[in-house]
Amino acid sequence: EREREREPQSPFVCLGREMEDDYTQVELGDAGPDIERGREGGLEPSPPSGTPEPDNRDPLGMNRHLVVDFGQVIAEPASAHSFDRIWAWSHMSFEVCKLWGYRSVSLLCAVPASIAAGCLFACGACLHIWCLVPCSRICLLSRPTWQAFCLSLTDTIVAPICSSVAHCLHEADLKLVQH
């Protein structure tokens, strides 16, 4: 009891018992010794050996907009409050359902989606490396040839036609008349 008083208080207190900040640990009150616990005695299983789990899975902050807390979804005004235990259990239920709902959906979708994304990026890289870059290089290498061809075509066909039209219209006189 004295050790608990010396420890810093957690910001989450539910039904008189502390809840850890980690989403994976939930205190269910006096559930008794029949709850199945992990190898170390906690509710959270340890990561498989040899594959350490990084703390930050979104180092670039690409999904910052997906962070949703209980207070951003459900809020009671000062004039209407439910019972404290109901509020605490609602908070805990929201967090647990959000966590395990995401884990369940990602269990079904993460591997196929990552396979599809990997194949898509592989096809994109292959097309870029083997088609787009060689075609652009061919265009850049053949540009002087096409430039010379277009210049000679202009000099042989377009320039004589334009000079003939200019010679015919050289003596033309335009008068503007107002009605």
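These figures come from a predicted structure and were not determined experimentally.

K.L.:
Is there a simple way to think about the overall build of the chain in this case?
P.N.:
The helix and strand tally for the chain stands at three helices and two strands. Here the chain holds 179 residues, and 7% of them are scored as buried. Contacts in the chain between residues far apart in sequence, at least 24 positions, make up 40% of those at least 6 positions apart. Roughly 16,100 Å² of accessible area belongs to the chain as shown, and the carbon and sulfur atoms make up 64% of that amount.

K.L.:
Even after reading the chapter, I still don't get the packing of aromatic side chains, so can you show me in this structure?
P.N.:
Centre distance and the angle of the planes are the two values used to describe a pair of aromatic rings. Counted under the stated rule, the structure contains three aromatic pairs. Between the aromatic rings of Trp 146 and Phe 149, the centroid separation amounts to 5.8 Å while the plane-to-plane angle is 90°, which identifies the pairing as edge-to-face. Pair noted here: Trp 146 and Phe 149 are both in helix H3 (residues 84-168), with a separation of three residues, about one helical turn. Given a relative accessible area of 52%, Trp 146 falls into the exposed group. Judged by its relative accessible area of 44%, Phe 149 is partly exposed.

K.L.:
Please explain the state of the cysteines as it appears in this structure.
P.N.:
Cysteine pairs can be covalently joined through their sulfur atoms, and such a bond is termed a disulfide. Enumeration according to the criterion identifies zero disulfides in this entry. Between Cys 135, a free cysteine, and Cys 131, which holds the nearest cysteine sulfur, the sulfur-to-sulfur gap is 6.5 Å.

K.L.:
Explain the confidence of the model for the chain here, please?
P.N.:
Regions with low pLDDT carry predicted coordinates that are not meant to be interpreted in detail. Within the chain, residue pLDDT values average 77, and 70% of them lie at 70 or more. Ranking the elements of the chain by mean pLDDT puts strand S1 (residues 12-14) last with 45 and H3 first with 93. Within the model, pLDDT remains below 50 along residues 1-23, and this stretch shows 28 contacts once partners closer than five positions in the same chain are excluded. Within the model, the stretch residues 30-46 combines pLDDT values under 50 with 12 contacts to residues more than four positions away or in other chains.

K.L.:
Hey, could you run me through the pattern of salt bridges in this one?
P.N.:
Once the charged atoms of two side chains with opposite charge are near each other, the side chains can pair. Applying the stated criterion across every chain yields a total of one salt bridge. Between Lys 98 and Glu 95 there is a salt bridge whose closest N-O contact spans 3.5 Å. Here Lys 98 pairs with Glu 95, and both are found in helix H3, just three residues apart, close to one helical turn.

Calculation criteria
Residues numbered from 1 in each chain as written. Predicted model: local features only at pLDDT ≥ 70, side-chain atom pairs only at ≥ 80, totals over all residues. Heavy atoms only, no water. Helix = DSSP H or I, 4+ residues; strand = E, 2+ residues; numbered from the N terminus. Buried < 20%, exposed > 50% of the residue type's maximum accessible area, 1.4 Å probe, protein only. Contact = heavy atoms within 4.5 Å. Areas by Shrake-Rupley, 256 points an atom, 1.4 Å probe, with all protein chains shown as cover. Phe/Tyr/Trp six-rings, centres within 6.5 Å; stacked < 30°, edge-to-face > 60°. Disulfide = S-S within 2.5 Å. pLDDT = per-residue confidence, 0-100. Salt bridge = Lys/Arg side-chain N within 4 Å of Asp/Glu carboxyl O.

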